[in-house]
Amino acid sequence: MNSKLITVGVAASFLLAFSSCSMLKKSEKKVEVLPTDREQIQKDKTAKTYTPEELSRGVVRGDWAIEMVGNREAKGEEAPFLKFVPSEKRVYGNNGCNVINGNYSYNPSDSTLSFSGVITTMRACALTGITDIEINQALDATRYYSWELRDSQYYLYFYDANRAKVMTLMHQNFSFLNGTWGVKAINETPVNDPEMKIVIDVDEGKLHGNTGCNLLNGEFTTDRETANSISFQRIATTRMACPDMSHETEFVVALEEAAYARPISPTKVLLLDNSGKVVLELVRTTDN
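What counts as what
- What you see as residue numbers is a count from 1 along each chain, following the sequence as written.
- Given that this is a predicted model, residues contribute local features only at a pLDDT of at least 70 and side-chain atom pairs are listed and counted only at 80 or more, while totals for whole chains, interfaces and linings are drawn from all residues.
- Hydrogens and water molecules were not included; the side-chain quantities draw on all heavy atoms of the structure.
- Take the buried Ala, Val, Leu, Ile, Met, Phe, Trp, Tyr and Cys residues and link them wherever side-chain atoms come within 4.5 Å; each set so joined is a nonpolar core.
- Only protein chains enter the area calculation, which uses a 1.4 Å probe; residues under 20% of their type maximum are buried, those over 50% are exposed, and those in between are partly exposed.
- Counting from the N terminus, the helices are the DSSP runs of H or I reaching at least four residues and the strands are the DSSP runs of E reaching at least two.
- Note on contacts: a residue pair qualifies if any of its non-hydrogen atoms lie within 4.5 Å across the two residues.
- Think of it this way: DSSP has to see at least two bridges between two strands before they count as a pair.
- Pairs of N or O atoms are called polar contacts if they sit within 3.5 Å, as long as, within protein, a hydrogen donor faces a hydrogen acceptor (for residues adjacent in sequence, only side-chain-to-side-chain pairs).
- Criterion for a disulfide: a pair of cysteine sulfur atoms at a distance within 2.5 Å.
- A carboxyl oxygen of Asp or Glu within 4 Å of a side-chain nitrogen of Lys or Arg is what we treat as a salt bridge.
- Only Phe, Tyr and Trp rings take part, Trp by its six-membered ring, and two of them pair if their centres are within 6.5 Å. Stacked means planes under 30 degrees apart, edge-to-face means over 60, and tilted covers everything else.
- Any Lys NZ or Arg CZ found within 6 Å of a ring centre and within 35 degrees of that ring's normal is scored as a charge over the ring.
- Arc definition: directions from the helix axis to the C-beta atoms.
- Confidence of the predictor in every single residue is expressed as pLDDT, which spans 0 to 100.

A. Highlighting the nonpolar core. In this structure, Leu177, Phe232 and Leu271 are the most contacted members of the largest nonpolar core, which totals 28 residues. For this core, the elements supplying multiple residues, two or more each, are β13 (179-186), β15 (196-201), β17 (215-222), β18 (230-237), α4 (248-257), β20 (268-272) and β21 (278-284). The element best represented in this core is α4, accounting for 4 residues. With residues near it in sequence (within four places) discarded, leucine 177 still touches Ile200, Val202, Phe220, Ile230, Ala261 and Val269. Residues Val60, Phe84, Phe115 and Ile135 belong to the second largest nonpolar core, which totals 24 residues.

Next comes the structure, spelled out in structure tokens:
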């Protein structure tokens, strides 16, 4: 049985019935996002993590950016994404314009996946690029799924009853950044200072470390829309004067300029700015 998409705050008379599925009819009336929607989307930090072992078992969980709908790039007024919470059998997210949530069920043994009871707010949306209706239609048509790990990123694919691909999603995998890192180079200039290091906790969104002179603390955020996109924010240091502080300012500025993380090996990561220039070369260390 096909799932139904139900509009929040809109009477049943506004629903448009299709022969194969029930889809949304647009309304010009703007409905505010419910506080409970905001809370659900932000909850459960552990849902952000995803492991190869879970991938091999076909587990569907965590935060996924919607990359493609059919063969078209998914671009909306906001970054479209889905968050799967298996403990609740619920899915939350955004269809590029409106907040959505509903139920989902899946079975790894036969790769089946379906959505039901999906509801959405009805903010008026621009009809450019991939619209919210097309994303809703793809969810309604979904019957199967598959997954893969490619270039350090996890990809999830949805298929309709005829096995045609209706949606491609990407999961940001930043687990490679967890741990303690020494600074090998700043702006491609070698650094030989064993005290200069950072410790990154991806799940908590925190970092701390040492500039080679002062202690450092800050926050770590990611962008669902772009692969390997990162941002180090609210970086603060102590203000102790040291004999050699030549690299401290360069180090802090490089962290603030970092926009992407590229894993080279399990023990080496490059941080790049928006232009693709390498601003930091990090090597894994066991020193705390």
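Still to come is the rest of the account.
B. Representation of the pairing of strand β16 (residues 206-211) in the model. Judged from the 6 bridges that link them, β15 and β16 form a sheet pairing that is antiparallel. Note that in β16 the partner of isoleucine 198 across the bridge is glycine 209. Connecting β15 to the next strand, β16, in antiparallel fashion are 4 residues, including glycine 205 with a positive phi near 70 degrees. Pairing of β16 with β17, which is carried by 5 bridges, proceeds in the antiparallel orientation.

C. Inspection of the environment of tyrosine 92 at higher detail. Tracing the chain through its elements places tyrosine 92 in strand β7 (residues 90-94). For tyrosine 92, a relative accessible area of 4% gives the class buried. Along the primary structure tyrosine 92 and asparagine 103 are separated by 11 residues, whereas in three dimensions their C-alpha atoms are 8.8 Å apart. Separated by 2.6 Å, the side chains of tyrosine 92 and glutamate 88 make a polar contact.

D. Structural detail: the state of the cysteines. As enumerated under the stated definition, the model contains 1 disulfide in all. The disulfide partner of cysteine 213 is cysteine 242, and the S-S distance across this bridge is 1.7 Å. Residues cysteine 213 and cysteine 242 are joined by a disulfide whose S-S torsion is about 80 degrees; by sign, that bridge is right-handed. Of this pair, cysteine 213 sits in the loop between β16 and β17 while cysteine 242 sits in the loop between β18 and α4, and the two are 29 residues apart along the sequence. With a relative accessible area of 8%, cysteine 213 lands in the buried category.

E. Just the pattern of salt bridges, in detail. The final tally for this structure, using the stated rule, is 7 salt bridges. Taking the shortest distance from any N to any O, the salt bridge between lysine 268 and glutamate 281 comes out at 3.4 Å. You can see lysine 268 sitting in strand β20 and its partner glutamate 281 sitting in strand β21, a full 13 residues away along the chain. Each of Lys206, Glu219 and Arg234 takes part in one network of salt bridges that share partners.

F. Geometry of the packing of aromatic side chains. What the rule picks out here adds up to 7 aromatic pairs. With 4.8 Å between their ring centres and 70 degrees between their planes, phenylalanine 84 and tyrosine 104 make a pair best called edge-to-face. Taken together, the positions of phenylalanine 84 in strand β6 (residues 81-85) and tyrosine 104 in strand β8 (residues 99-107) put the pair 20 residues apart, joining distant regions of the chain. Comparing phenylalanine 84 with tyrosine 104 shows no difference in burial state: the two are buried. Through a chain of ring-to-ring contacts, the aromatic side chains of Phe84, Tyr104, Tyr106, Phe115, Tyr145, Trp147 and Phe158 assemble into a single cluster. Lying over the aromatic face of tyrosine 144, arginine 163 brings its terminal NZ or CZ to 3.5 Å of the ring centre.

G. Looking closely at the environment of tyrosine 104. Assessed through its relative accessible area of 5%, tyrosine 104 is described here as buried. Taking the C-alpha atoms as reference points, tyrosine 104 and serine 114, 10 residues apart in sequence, are found 5.7 Å from one another. Setting aside chain neighbours within four positions, we find tyrosine 104 in contact with Val60, Phe84, Val85, Pro86, Lys89, Arg90, Val91, Leu113, Ser114 and Phe115. A distance of 2.8 Å separates a polar atom in the side chain of tyrosine 104 from the backbone oxygen of valine 60.

H. Summary view of α4. All of the buried residues in α4 are Glu248, Phe251, Val252, Ala254 and Leu255. Projection of α4 onto a plane perpendicular to its axis shows the buried side chains occupying an angular sector of 160 degrees, all on one side.

I. Fine view of the environment of methionine 167. In this fold, methionine 167 is placed in strand β12 (residues 165-171). For the pair methionine 167 and tyrosine 157, spaced 10 residues apart in sequence, the C-alpha separation works out to 5.8 Å. For methionine 167, the contacting residues outside a window of four places in its chain are Ile66, Met68, Val69, Gly70, Ile135, Ala138, Leu139, Leu156, Tyr157 and Phe158.

J. Seen up close, the confidence of the model for the chain. Of the residues in the chain, 77% reach a pLDDT of 70 or more, and the chain-wide mean stands at 80. Confidence scores differ between elements of the chain, with strand β2 (residues 16-17) showing the lowest mean pLDDT of 32 and β21 the highest of 96.

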